[in-house]
Amino acid sequence: MNQAVDWNEDNRPTLETKRLLLRPFFPSDAEVQQILANDREIAANTRTIEFPYPEGAALKWIEQHADMWKNGKSAIFAICLKSTGELTGAIGLEISEQDQNAELGYWIGRDYWGQGICSEAAREVVRFGFETLAVNKIHAHHMTRNLASGRVMEKIGMKKEGLLRSHIRKWGVFEDVAFYGILRTDERPG
Ligand SMILES: CC(C)(COP(=O)(O)OP(=O)(O)OC[C@H]1O[C@@H](n2cnc3c(N)ncnc32)[C@H](O)[C@@H]1OP(=O)(O)O)[C@@H](O)C(=O)NCCC(=O)NCCS
């Protein structure tokens, strides 16, 4: 891991792409985050998000981010449109110091789907993971029925590494899960 990163400070970075600002979440984002995340489709496709999204859950989650960064556990970004400042979703890396890898996770508010926002954000977060955090590998997984998420992983250059049958149980249903990864030495699309 990159020793140059000062994990003890709340110096969470802001990243920039053509259309997006990937910045830390602030408590003032909680109200909008609560509305965006309160979506059955988002809950249905993620491991930890509940539906209905419990009252107060957004603020509670946001308040953990600074410590998770300081402890070297995760880097979580609010995905905002540069043009308007609107919050559109969340993306993050959960870091394993032991394995020098990180798990990529994301969701986008329904009104913003299909505009390439997640792919643009994910490409930049993967770059950040390799170039700033200096991890060796970034991995991600999706339930096989979640074709949009699989497409995002492919578009950012992740390779499908396998499919685990009935690997998780979501809302009482056993789900097949596809696993993707990209290594520091792999080629990344522009
Ligand atoms: C998955 C998700 C993050 C994608 O966000 P997004 O900003 O719409 O993604 P992008 O626009 O960057 O890319 C989506 C790609 O999936 C494709 N896609 C969308 N729905 C699809 C479907 N049903 N079947 C196949 N491809 C699909 C899009 O066409 C696009 O690919 P393209 O650029 O080649 O046309 C968003 O749908 C979401 O938040 N879903 C709920 C939460 C979730 O699934 N999180 C990830 C858990 S693993």
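Structural notes, computed from the coordinates.

1. Some thoughts on the environment of His-141
Line of reasoning, step 1. For His-141, the position within the fold is in strand 6 (residues 137–143).
Line of reasoning, step 2. Its relative accessible area of 25% is what places His-141 among the partly exposed residues.
Line of reasoning, step 3. Sequence-wise, His-141 and Lys-60 are 81 residues apart; in three dimensions their C-alpha atoms are separated by 25 Å.
Line of reasoning, step 4. Not counting chain neighbours up to four residues away, the residues in contact with His-141 comprise Arg-47, Glu-103, Met-153, Val-177, Ala-178 and Phe-179.
Line of reasoning, step 5. A polar side-chain atom of His-141 sits 3.3 Å from a polar atom in the side chain of Glu-103.

2. Regarding the pairing of strand 4 (residues 87–96)
Line of reasoning, step 1. Of all ten residues making up strand 4, nine are buried, and the element is well covered by its neighbours.
Line of reasoning, step 2. Note that strand 3 (residues 74–81) and strand 4 share seven bridges and pair antiparallel. Its bridge partner being in strand 4, Cys-80 is matched across the sheet by Leu-87.
Line of reasoning, step 3. Turn length for the strand 3-strand 4 hairpin, with the two strands adjacent in sequence and antiparallel, is five residues, and the turn residue Gly-85 shows positive phi of about 85 degrees.

3. A look at the side chain of Glu-120
Line of reasoning, step 1. Within the element layout of this structure, Glu-120 appears in helix 5 (residues 117–131).
Line of reasoning, step 2. The contacts of Glu-120, once residues within four sequence positions are left out, are Thr-17, Lys-18, Arg-19 and Leu-20.

4. Comments concerning the packing of aromatic side chains
Line of reasoning, step 1. Taken as a whole and assessed by the stated rule, the structure comprises three aromatic pairs.
Line of reasoning, step 2. Between Trp-7 and Trp-69, the ring centres sit 4.9 Å apart and the planes meet at 45 degrees, which makes this aromatic pair tilted. Residue Trp-7 is located in the segment before strand 1 (15–16), and its partner Trp-69 is located in helix 4 (residues 65–70); the two are separated by 62 residues in the primary sequence.
Line of reasoning, step 3. When its relative accessible area of 3% is taken as the criterion, Trp-69 is described as buried.

5. Regarding the nonpolar core
Line of reasoning, step 1. The biggest cluster of nonpolar side chains holds 55 residues, and the ones touching the most others in it are Ile-91, Leu-104, Leu-133, Ile-138 and Met-158.
Line of reasoning, step 2. Sort the elements by how many residues they give to this core and helix 5 lands first, with eight residues.

6. Considerations on the sheet that holds strand 1
Line of reasoning, step 1. The sheet built from eight strands is open, its strands ordered 1-2-3-4-5-6-8-7 with mixed pairing. Whereas interior strands pair on both sides, the edge strands pair on one side only; in this sheet they are strand 1 and strand 7 (159–170).
Line of reasoning, step 2. With two bridges connecting them, strand 1 and strand 2 (residues 20–23) associate as antiparallel partners. Paired with Leu-15 across the two strands is Leu-22, which belongs to strand 2.

7. What about the site of the ligand?
Line of reasoning, step 1. Neighbouring residues of the ligand: 23 residues in total, closest Gly-114, Ser-119, Asn-146, Arg-151 and Lys-155.
Line of reasoning, step 2. Interatomic distance of 2.7 Å between a side-chain N/O atom of Arg-151 and an oxygen atom of the ligand.
Line of reasoning, step 3. Expressed as a share of its isolated accessible area of 960 Å², the protein-covered part of the ligand is 71%.
Line of reasoning, step 4. Secondary-structure elements contributing two or more residues to the shell around the ligand are helix 2 (40–45), strand 5 (101–108), helix 5, strand 6 and helix 6 (147–155).
Line of reasoning, step 5. Its residues assigned to classes, the shell around the ligand comprises ten nonpolar, ten polar and three charged.

Here is what the cut-offs are and how they apply
- Residues numbered from 1 in each chain as written.
- Predicted model: local features only at pLDDT ≥ 70, side-chain atom pairs only at ≥ 80, totals over all residues.
- Heavy atoms only, no water.
- Helix = DSSP H or I, 4+ residues; strand = E, 2+ residues; numbered from the N terminus.
- Buried < 20%, exposed > 50% of the residue type's maximum accessible area, 1.4 Å probe, protein only.
- Contact = heavy atoms within 4.5 Å.
- Polar contact = N/O pair within 3.5 Å; in protein donor to acceptor, adjacent residues only side chain to side chain.
- Pairing = 2+ DSSP bridges.
- Phe/Tyr/Trp six-rings, centres within 6.5 Å; stacked < 30°, edge-to-face > 60°.
- Core = buried A, V, L, I, M, F, W, Y, C linked by side-chain atoms within 4.5 Å.
- Near = heavy atom within 4 Å.
- Areas by Shrake-Rupley, 256 points an atom, 1.4 Å probe, with all protein chains shown as cover.
- Nonpolar A, V, L, I, M, F, W, Y, C, P; charged D, E, K, R; others polar.

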